Amino acid sequence: MKLIRDCADGLALTAGELLTIARTAPKRYFVWEIPKRSGDGARTVCHPARELKAVQYYFLNEVLGGLPVHPSATAYVAGSSIRKNAQAHARSRVIMKLDFADFFNSLKVSDWKRYAEVHFAEWSEDELDFSNRILFWGAGSYSPRCLAIGAPTSPLLSNALMYEVDVALSGYAAEEGLTYTRYADDITFSSREFLDHGRTVAAVKRALLRARYTSVRLNEEKTVLASDKTARRVTGLVITPVNNVSLGRDRKRLISAMVHHAYCRKLEPGDWPKLAGLLAFAADAEPEFIERLRAKYPPELLDWIVRYGTREIP
């Protein structure tokens, strides 16, 4: 069982100690819920316990690093960002956005088993079972079930399991003269001319049905079609009339007001972590806006908020 021996050696554990962690790993998560940005329900976040997180990082760095990820998958990839994802569509006239239902939780341990049997064919049954337990959340059970939002390995695994879908949809886009990107569960197609809504939805459904390694399904209720005559948004960012990518006027006003309240020591205690998240989002999406805030306020103010977003400045 080379995988288990190598993992144990890499973590300075005995094989017995590592297998003890693995036996209960699907239940070794701290679980809480956060409201979805859309306001439609809550998202379950599962943070692995420290000892499990260490094993997952070993997998991330030593086992899973060579898995193929398609260029159209723009989330969780070095050098990519929500800004880069949106910029791919900035010059398009028509934008179509689609969404998967319960993306991470819809990627099942059964999907991974089929995938690993091909990509890690040298693994024994015990090694495959070991990987299942380390990489997949049990949703309250000791049996592995699905990917968890919060596990460091989930982003890479999601991109690997969705590789076939990305190949199919990028191929469809090329045939139709469209641009295609996928940022986690957010699919975007765009065109400088015409985009056939029904044909594109059918192509996505067909790709999902034919995929061998994913159980995700389309949430058709969240399909949105926008043109240059309406507000164009991609992964939460606004594409301006001159084809630039922006946080949007309302979000920038909100952030500016909250930073001002923080500077004046008037920000509500519960708003500090929210502001920290907004600033991190803005730094990724529109760094020029952050630089303008730094020029207006003491630079250490923003650094404190982002670093210690759960408490006020003393």
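Please read all numbers here as calculations on a predicted model, not as lab measurements.

## Regarding the overall build of the protein chain
- A tally of helices and strands in the protein chain yields 13 helices and nine strands.
- Buried residues in the protein chain amount to 47% of all 314 residues.
- Put simply, 68% of the contacts in the protein chain that link residues at least 6 apart link residues at least 24 apart.
- If you sum the accessible surface of the protein chain, you get close to 15,900 Å²; carbon and sulfur atoms cover 51% of it.

## Side note on the side chain of Thr200
- Relative to the helices and strands, Thr200 is located in helix 9 (residues 197-210).
- Given a relative accessible area of 0%, Thr200 falls into the buried group.
- A distance of 2.8 Å separates a polar atom in the side chain of Thr200 from the backbone oxygen of Asp196.
- If near-sequence neighbours (up to four positions away) are discounted, Thr200 is found in contact with Met96, Tyr172, Leu178, Phe189 and Leu195.

## Quick word on the nonpolar core
- Grouped together as the largest cluster of nonpolar side chains are 87 residues, with contacts concentrated most on Phe59, Leu64, Trp112 and Phe189.
- When residues in this core are grouped by element, the largest group, eight residues, is from helix 11 (residues 272-285).
- Setting aside anything within four residues of it in sequence, one finds Leu64 in contact with Phe59, Trp112, Phe120, Leu135, Thr153, Leu156 and Leu157.

## As for unusual backbone geometry
- The phi dihedral of Ala12 falls on the positive side, at around 55 degrees, and the residue is not glycine.
- Looking at the element boundaries, Ala12 is found in the loop between helix 1 (2-10) and helix 2 (15-24).

## Notes on helix 8 (residues 163-176)
- Compared with an ideal rise of 1.5 Å per residue, which puts 14 residues at 20 Å, helix 8 spans 20 Å between its outermost C-alpha atoms and is within 8% of the ideal.
- The inward-facing, buried residues of helix 8 abut strand 4 (179-183), strand 5 (186-191) and helix 9.
- Just downstream of helix 8 lies Gly177, where phi reads positive at about 75 degrees.

## Some thoughts on helix 10 (residues 249-263)
- When the terminal C-alpha atoms of helix 10 are compared, their 21 Å separation across 15 residues agrees well with the 21 Å that a helix rising 1.5 Å per residue should span.
- Inspection of helix 10 places Arg251, Lys252, Ile255, Met258, Val259 and Ala262 among the buried residues, and these make up the whole buried set. Looking straight down helix 10, one finds that the buried residues subtend no more than 130 degrees of arc, so they occupy a single side. Opposite its buried face, helix 10 presents the exposed residues Arg249, Asp250 and Arg253, each directed more than 90 degrees away.

## Concerning the packing of helix 10 against helix 12 (residues 287-296)
- With their axes 12 Å apart at the nearest point, helix 10 and helix 12 run at an angle of 30 degrees to one another. On the basis of their axis angle, the class for helix 10 and helix 12 is roughly parallel. Crossing of helix 10 against helix 12: the hand is right-handed. Along the contact surface, helix 10 presents Lys252, Ile255, Ser256 and Val259, while helix 12 presents Phe289, Arg292 and Leu293.
- In terms of residue class, the contact of helix 10 with helix 12 is built from four nonpolar, one polar and two charged.

## A word on the confidence of the model for the protein chain
- Put simply, the protein chain has an average pLDDT of 86, and 89% of its residues get 70 or more.
- Mean pLDDT across the elements of the protein chain ranges from a minimum in strand 6 (residues 224-227), with 68, to a maximum in helix 6 (residues 125-135), with 97.

## With respect to the environment of Arg212
- For Arg212, the position within the fold is in the loop between helix 9 and strand 6.
- Here Arg212 falls in the partly exposed class, since its relative accessible area comes to 48%.
- In the structure, Arg212 is positioned 50 residues away from Met162 in sequence and 9.4 Å away in space, judged by C-alpha atoms.
- Setting aside anything within four residues of it in sequence, one finds Arg212 in contact with Arg114 and Glu164.
- In terms of polar contacts, Arg212 uses its side chain to reach the side chain of Glu164, at 2.5 Å.

Thresholds applied
Residues numbered from 1 in each chain as written. Predicted model: local features only at pLDDT ≥ 70, side-chain atom pairs only at ≥ 80, totals over all residues. Heavy atoms only, no water. Helix = DSSP H or I, 4+ residues; strand = E, 2+ residues; numbered from the N terminus. Buried < 20%, exposed > 50% of the residue type's maximum accessible area, 1.4 Å probe, protein only. Contact = heavy atoms within 4.5 Å. Areas by Shrake-Rupley, 256 points an atom, 1.4 Å probe, with all protein chains shown as cover. Polar contact = N/O pair within 3.5 Å; in protein donor to acceptor, adjacent residues only side chain to side chain. Core = buried A, V, L, I, M, F, W, Y, C linked by side-chain atoms within 4.5 Å. Expected span 1.5 Å × (residues − 1). Arc of directions from axis to C-beta. Axes fitted to C-alpha atoms, helices over the stretch in contact; angles between N-to-C directions. Parallel < 35°, antiparallel > 145°, perpendicular 65-115°, else oblique. Left-handed = near helix turned anticlockwise from the far one by under 90°. Nonpolar A, V, L, I, M, F, W, Y, C, P; charged D, E, K, R; others polar. pLDDT = per-residue confidence, 0-100.

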